[in-house]
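Below, each chain spelled out in residue letters.
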Amino acid sequence: MIKEGPVCLFCGQTDITFTAFEDTVFNKKTFEYVKCTNCSLIFVHPLPTMDDITKMYPVEYQGELAKAYGRYDELFRKIKSLGNFNTVLDYGCGGGRFVVEAVENGFNITGTEYNPDLVAKLKSNFPKASFLTIDEFFKSEDKFDIIFLSNVLEHLTNPKEIMQLLKGRLTDNGLFVLEGPIENNFNLTQLVRKTLFFIRKYIFRKKASHVPTHILYSNRKNQEQLFKDIGLETLYFDIDESNWPFPSNYADCKSMMQKAMYWIATFSVKMSKNFPWWGNNFTYIGKKKI
C-alpha cells in the first residue's frame, strides 16, 4: 500500500492501493491506475498536465457536430416536471448534441468547451445557442437555472473543485443535471473486464497504450457521495447499463474474442434489469441545499 503521493480526487484521502487496470503509456509517460482505500475511486497517477490534456483532446476528439434526434426527450420531461427553468449551461458540450435538443425544447442555452477551435465551429453551426470557451465562462458572472454535464466528470483532474465552482453559478432554485459512465460500478461485464486486465497486468506484465482520457473510474456510491459532499440534495439518481465498452452490435464483431465480449455484455445488460444498482452509466438530478 502506498502511504503518500496521490490524493483521491473525490474524498481527498491519501491511502492508495494498486488496481488491476493496466498502466498506460501516453505522451512519453506512464500513467498508472490507483484506488482510494477510503471511497474506492480509481484514478490515474500522475494526473495529466496541461501539455498532456492538449494532446488528449484535439478538436476531432468530439467527432461530428451533433444533430437533434430525441436522445434527451425523457430527461427534458423530467426536468420540466421539477419546475420552470429557462437558462441552461452545458459545461463541456462536445459536439452540441444536448445543446441542439435544449434549443428545440425552448431553453436559452450556453455551451462551453475547452478548445477554442471547437467553440468557433459550434458558434458557426448552431446560431440559436451561445458558446464560450471554458476560460471565457469563468471570467463571466452569469448564473443559470440548470447546469448540465454529460460525460465530463471522468475527464476532470479536479472534479470536486469544478463542481463547487459550478455550484456557485446556479440560481437559487437551480438544478445540476449530470450523466456519464461509472466504470467501476459492479456488473458482469466489469467483472470480466477486470479479470482480463488482472491477467494481462500481473501474469503477462503487459502495459496498455491508450490515451488516458478517462482520468477517474467511479461507482454509484462514491459518485453520489461526491454530490452530497459539495452540498447537493439528490432528486433523482438512476443507474443503467449498456454493452459499452464491449461491442454493442454483433454484426460488427470481427473475431471470436469480440463475439464473446458481445454476448457477455448482452447477458450482463439483461441481468442488470434485476439488480437496480448494477450498471455502468448514471443519470443524476440534484439541487443546492438551502
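Bear in mind the structure is a predicted one, so any value in this text is a computation, not a measurement.

Student: Any details on the layout of surface pockets? Residues and values, ideally.
Tutor: Size it by volume and the second largest pocket reaches roughly 270 Å³. Lining the second largest pocket we find 17 residues, and of these Glu22, Arg193, Phe197, His210 and Tyr217 sit closest to its centre. Considering every element that reaches the lining of the second largest pocket, the biggest residue donor is helix 7 (residues 188–203), with four residues. Tallied by class, residues from the lining of the second largest pocket come to 10 nonpolar, three polar and four charged.

Student: Could you give an account of unusual backbone geometry, naming the residues involved and the relevant values?
Tutor: The omega angle of the peptide bond from His45 to Pro46 is 0°, so this bond is cis rather than trans. Mapped onto the elements, Pro46 comes out in the loop between strand 4 (42–45) and helix 1 (50–56). Cis peptide bonds are those with omega within 30 degrees of zero, and the linkage from Trp244 to Pro245 qualifies with 5°. Assignment of secondary structure puts Pro245 in the loop between strand 11 (232–240) and helix 9 (256–272). Unlike most non-glycine residues, Lys28 shows phi in positive territory, near 65°.

Student: Give a description of the nonpolar core that names residues and reports values.
Tutor: Formed by 48 residues in total, the largest nonpolar core has its most connected members in Tyr91, Leu149, Met163, Leu166, Phe176, Leu178 and Phe227. When residues of this core are assigned to their parent elements, the largest contribution, four residues, is made by strand 3 (residues 29–36). When sequence neighbours within four positions are dropped, the list of residues in contact with Leu166 reads Leu89, Tyr91, Phe137, Ile147, Leu149 and Phe176. Val99, Phe107, Val119 and Ile146 belong to the second largest nonpolar core, which has 25 residues in total.

Conventions used here
- Residues numbered from 1 in each chain as written.
- Predicted model: local features only at pLDDT ≥ 70, side-chain atom pairs only at ≥ 80, totals over all residues.
- Heavy atoms only, no water.
- 1 Å grid on protein atoms, 1.4 Å probe; cavity = no way out; pocket = protein on both sides within 12 Å on 5 of 7 lines; lining within 4 Å.
- Points joined across faces, edges and corners; volume = space filled by probe spheres on them.
- Helix = DSSP H or I, 4+ residues; strand = E, 2+ residues; numbered from the N terminus.
- Nonpolar A, V, L, I, M, F, W, Y, C, P; charged D, E, K, R; others polar.
- Core = buried A, V, L, I, M, F, W, Y, C linked by side-chain atoms within 4.5 Å.
- Buried < 20%, exposed > 50% of the residue type's maximum accessible area, 1.4 Å probe, protein only.
- Contact = heavy atoms within 4.5 Å.

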